[in-house]
Every structure is written in structure tokens, then in C-alpha cells.
Amino acid sequence: MKKIILFASGSGTNAEKIIKHCQENNKIEVVKVYTNNPLAQVIDRAKNLNVPAVVFTRAEFNEGFVLDKVVKDSPDLIVLAGFLWKFPESIVKAFPNKVINIHPALLPKYGGKGMYGMNVHQAVLENKEKVTGITIHYVNENYDEGAIIFQKSVSIEDCNTAEAIAHKIHLLEHQYFPEVIESLLTT
């Protein structure tokens, strides 16, 4: 069985969808959820699905504590599912081409530092885009610059708020992120 670990910072809806998808297919197991936010809803979502959660500080993240724990977990894939901190180069180098992220826009547009969540959707709205989407990509040492694995677009011509755009993006994330993860590990 393939093992993955998840990193998340917030509500954990993507993490929950991924965990449930893995529990249903018996080929992949989410062995742990890591979060930098002790108040993140992802902790409760993970516990409700019998997946242990680890909370860590910025110092622990950047100074090797998290890397040591991840190495012990021995994952086949590390998945960033709404994780907001820049991922340390030490972990990326320890797991080459095994760290992936989902971005709520069609990269290379609307990527980089500070471009996450509602910041992205607001920028897309302000620029009067007709289409946006999701990008699943490998993580490297720079924000949102790793090789693209998968993109899916959606029309937003009927959206007049960032919240409406966010709703369409969440639907895409929940549908495609678990499927892409499974295909990376089983093909």
C-alpha cells in the first residue's frame, strides 16, 4: 500500500476529500496530517477519519524537526492541501518529485508569494478573467514554479464575486485532486 502525508493550514476540506478517497480505494493510505495552525479545522477532520495530526511551529518546520518526522513516516507522496507556508528546500530535496501542491488558478498566472485562497480569486475577478481553474504541480524551492502535473479550467463569466469563483474552484479541487494523487501513485 502506498503512503501519503498531507500538509494543511486551514479548514481541511481538500484533506478530508483526499483521506476519504484513499480509505475507499485500499491502495493508498493517508498516514498523517501535518499542520502549522493549532486551531485549524483540518485537525478535527483528520481525527474524525482516524488519521493522526501533528502540529508544528515555524522553527520546527525550518530547523529539521518536521523533516525528521516526515522521513520516519516514509511517504510515497507528500501532498500540500491548502498549506500556506513556503515548503523548506530540505524536505523538497529529501523527497525529489514526491511533493505536490494544488493552486487555485491556472499557473503561471496568479502564482507566487501571497497568492493563495481568496487573494487569488480576488485578483482573477479584478482582472476580469473569463476562465480560471486549478493547477496541481510539483513543489520546488520557489512558490508555484514546480512542473505542472494537471490543470483543469472552468468558465467564470457568470461569477461577479470572489466567493462565487472560490465555490467553482473548490468543486474542481474536490473532484480532481484525489484522482490525480491516485494516478500518480498507481500508474
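Structural data are supplied above this passage.
Visitor: Break down helix α4 (residues 65-73) for me, with residues and values.
Guide: For α4, the full list of buried residues reads V66, L67, V70 and D73. Relative to the axis of α4, the buried residues are bounded by an arc of 120° and lie together on one face. Buried-residue contacts for α4 involve β1 (2-8), β2 (28-35), α3 (58-62), β4 (77-80) and α5 (89-94). Directly after α4, the chain includes S74, whose backbone phi takes a positive value near 50°.

Visitor: Which residues make up the environment of N14, and what are the values?
Guide: Here N14 lies in helix α1 (residues 13-25). Owing to a relative accessible area of 9%, N14 belongs among the buried residues under this scheme. Residues N14 and Q175 lie 161 residues apart in sequence; the distance between their C-alpha atoms is 9.5 Å. Among all residues touching N14, those that are not within four sequence positions of it are A81, I102, E173, H174 and F177. Engagement of the side chain of N14 in a polar contact is seen with the side chain of E173, the distance being 3.1 Å.

Visitor: Please set out the pattern of salt bridges residue by residue, giving values where relevant.
Guide: By the definition in use, this model includes seven salt bridges. E16 serves as the salt-bridge partner of K20, at 3.8 Å between the closest nitrogen and oxygen. One end of the pair, K20, and the other, E16, are both in helix α1, four residues apart, so they sit about a helical turn from each other. One salt bridge in this structure joins E89 and K93, with 3.0 Å as the shortest N-O distance. With E89 and K93 both in helix α5 and four residues apart, this pair spans about one turn of that helix.

Scoring rules and cut-offs
Residues numbered from 1 in each chain as written. Predicted model: local features only at pLDDT ≥ 70, side-chain atom pairs only at ≥ 80, totals over all residues. Heavy atoms only, no water. Buried < 20%, exposed > 50% of the residue type's maximum accessible area, 1.4 Å probe, protein only. Helix = DSSP H or I, 4+ residues; strand = E, 2+ residues; numbered from the N terminus. Arc of directions from axis to C-beta. Contact = heavy atoms within 4.5 Å. Polar contact = N/O pair within 3.5 Å; in protein donor to acceptor, adjacent residues only side chain to side chain. Salt bridge = Lys/Arg side-chain N within 4 Å of Asp/Glu carboxyl O.

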